[in-house]
Amino acid sequence: MKKLAIGAYLLITVALLGWAYYQAIYVAPNDALQGEIYRIFFYHVSIAMDSSVFFIVSLAGSIGYLTYRHNRPEWAQIADAWAVSGAEVAVVYCTIVLTTGPIWGRRAWGIWWTWDARLTTTLVLWLIYVSYLLLRRFAAGPQMQTLAAVLGIFGALDVPIVYMSNRWWRTQHPAPVFGGGPDSGIKDPQMLAAWGWNLLAWLAWGLLILALRYHVEREHQRIVAAEAEAALNA
Amino acid sequence: MDQAAILDHQFRIAAYVVTWVIQFGYAAWLFLKWQSQKKKLKP
């Protein structure tokens, strides 16, 4: 039954990705100013917005680990597994944002990169979470989990700064697509639908890989615990 | 298609391909990691 549900979810997600692609390429009209190049936004903006969900999962997991590490060790391990899973999926999403953005920028601005507030804060966020993953890769044990949780919480502080960066400061990065004042928002209903489908499809995909990553981490924790027990009994 | 439209098209394809490669590449790596862990967990 569980396998059937996972299979059905996978099928729906793949169908959603296909439908979202169709909407982005064949249904949404060309932009009057940017032509076809604006279609990068359907992936870039959707994936950037979805990435915040995984940063929040990681933050919640980090807080959970610090909360339960002394009195409920099993809950703490579950929270830690969510923290690392959220961080890893968030880094994948953030990597895409940091590569598709410059591809658009090269064509629209004539440059791959500029040190404006939105781009720089996003790069800093990515670097913080890459260092989080490196810490977890090259250290082990409860002390590493505590340090990682603290780093994860501090890293998450950059998420609202990234969100607000092109509201607080004048940036070369385009104005916010949503929530940026009376002129923000997508006016064309077909463009809005294409963006919405892509947001939903990449969120569904992200939740799928998040669940798989969590499962892998829990199995890893069981292997580490079994190895530690075997070493003690030897 | 004029030169600008061709370039727009190529850049759009590059961005989409990068997205798919990163997303599906990560998923494939995760799946392989899961399979190798499964073997370790078997008694």
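Below is a summary of the structure that appears in this document.

## Remarks on the overall build of chain B
Helix and strand counts for chain B stand at one helix and zero strands. By principal-axis analysis of the C-alpha atoms, chain B measures approximately 65 × 10 × 5 Å. A total of 43 residues make up chain B; the buried ones form 14% of that total.

## Quick notes on the packing of helix α2 (residues 40-68) of chain A against helix α3 (residues 73-108) of chain A
All names here are of chain A. Two numbers describe how α2 lies on α3: the axes approach to 7 Å, and their chain directions differ by 155 degrees. Judged on the interaxial angle alone, α3 and α2 are roughly antiparallel. Crossing of α2 over α3 shows left-handed handedness. Across the contact of α2 with α3, the residue classes break down as 24 nonpolar, nine polar and two charged.

## Observations concerning the environment of Tyr93 of chain A
All names here are of chain A. By secondary structure assignment, the location of Tyr93 is in helix α3. Note: C-alpha distance between Tyr93 and Phe54 (39 residues apart in sequence) is 8.8 Å. What Tyr93 contacts, discounting residues up to four positions off in sequence, is Ile47, Asp50, Ser51, Phe54 and Gly206.

## Description of the nonpolar core
In this structure, Ile40, Ala90, Tyr93, Cys94 and Tyr129 of chain A are the most contacted members of the largest nonpolar core, which totals 55 residues. Of all the secondary structure elements, the ones that give two or more residues to this core are α1 (2-27), α2, α3, α4 (117-138), α5 (142-156) and α7 (189-233) of chain A together with α1 (3-41) of chain B. Per element, the largest residue contribution to this core is 17 residues, and it comes from α3 of chain A.

## Some points on the environment of Arg167 of chain A
All names here are of chain A. Along the chain, Arg167 turns up in helix α6 (residues 158-168). Since 15 C-beta atoms lie within 10 Å of it, Arg167 is described here as partly exposed. Linking Arg167 and Arg118, residues 49 residues apart in sequence, is a C-alpha distance of 9.5 Å.

## Some thoughts on α1 of chain A
All names here are of chain A. Between its first and last C-alpha, α1 extends 36 Å over 26 residues, near the 38 Å set by a 1.5 Å rise per residue. Where α1 is concerned, the buried positions are Thr13, Leu17, Ala20, Gln23 and Ala24. Tucked inside the fold, the buried residues of α1 contact α2 and α7.

What counts and what doesn't
- Residues numbered from 1 in each chain as written.
- Chains lettered and ligands numbered in written order.
- Predicted model: local features only at pLDDT ≥ 70, side-chain atom pairs only at ≥ 80, totals over all residues.
- Helix = DSSP H or I, 4+ residues; strand = E, 2+ residues; numbered from the N terminus.
- Buried ≥ 20, exposed ≤ 12 C-beta atoms within 10 Å, placed from the backbone.
- Axes fitted to C-alpha atoms, helices over the stretch in contact; angles between N-to-C directions.
- Parallel < 35°, antiparallel > 145°, perpendicular 65-115°, else oblique.
- Left-handed = near helix turned anticlockwise from the far one by under 90°.
- Nonpolar A, V, L, I, M, F, W, Y, C, P; charged D, E, K, R; others polar.
- Contact = placed C-beta atoms within 7 Å.
- Core = buried A, V, L, I, M, F, W, Y, C linked by C-beta atoms within 7 Å.
- Expected span 1.5 Å × (residues − 1).

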